[in-house]
Amino acid sequence: MTDAFPFSAGEFRRRALRQRGSPIENAAREHGDHLLNPTLVDYAQGLKLKDAAVLVPVVDDGEDAKIILTQRTSNLRKHSGQIAFPGGAIDPEDGSPERAAIREAEEEIGLAPHFVETVGRLPTYFATTGFRITPVLSVVKRGFELKLNPTEVDEAFEVPLSFLMNKANHQRSSRLLDGRERHFYLMPYEQRNIWGVTAGILRTLYERLYA
């Protein structure tokens, strides 16, 4: 039975556990900006990729859950200054993308693990900056206090799930990157510009859970 509040954390959990589309291990090419750029996955797989994980933290906030996003500091080597999910490289001792994503969220924004319940994954996102990213879906209980790591994160903020899962807020754009035309999604929110990897993952979330 579908929740009367489609953007509650409970309904998000239900949809995450019953995703539409192909099994996640076969679905990387079928969603988000991978679908807009048919050669992107093949191009990325030709690079030396490092495995990474990001946490998609959906905060239980009544009828309209929120997603925690960060603004990365401007001095980072990759994706500096961009809006991002908490996350990073998977270390050998992590053992799984879930553990890596939770560890990175604690290191970057001080999100204590006992507030986080993982509820699924999205298909792999291939970043042409050299990462093979596993998005880990999670529900986060209220009561947490964030403490930002200033070497990695300038700011953490919340965006309503209902805004991000509204197709009307998904703009499309393109630019030349490394001599190739790259198509991507853009989701302006207040004074912030959500695009790139983050918008690509959010679009995949919309297509698998809310379209």
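Further up the page is the structure itself.
Anyway, here's the lowdown on the structure attached to this text. Predicted model only: the values in this text are computed from it and were never measured.

Calculation notes
- Residues numbered from 1 in each chain as written.
- Predicted model: local features only at pLDDT ≥ 70, side-chain atom pairs only at ≥ 80, totals over all residues.
- Heavy atoms only, no water.
- Pairing = 2+ DSSP bridges.
- Helix = DSSP H or I, 4+ residues; strand = E, 2+ residues; numbered from the N terminus.
- Axes fitted to C-alpha atoms, helices over the stretch in contact; angles between N-to-C directions.
- Contact = heavy atoms within 4.5 Å.
- Buried < 20%, exposed > 50% of the residue type's maximum accessible area, 1.4 Å probe, protein only.
- Arc of directions from axis to C-beta.

## Some details on the sheet that holds strand S11 (residues 192–195)
Reading across from one edge, S9-S10-S11 is the order of the three strands in this open sheet, with antiparallel pairing throughout. If you trace the sheet from one side to the other, it starts and ends with strand S9 (171–177) and S11, each paired once. Each neighbouring strand pair of the sheet contributes to a mean axis angle of 40°, computed without reference to strand direction. As judged from the seven bridges shared by S9 and strand S10 (residues 180–189), these two strands associate in the antiparallel manner. Across the sheet, the residue bridging to Ser174 is His183, located in S10. Packing of helix H6 (residues 196–210) onto the sheet brings it into contact with S10 and S11, and relative to S10 it is tilted by some 75°.

## Remarks on helix H1 (residues 9–17)
Those residues of H1 that sit buried are Ala9, Glu11, Phe12, Arg15 and Ala16. All buried residues of H1 project into a common sector of 160° when viewed along the axis, lining one side. Residues of H1 that are buried in the fold lie against strand S1 (50–59), strand S5 (116–121), strand S7 (131–140), helix H5 (161–164) and H6.

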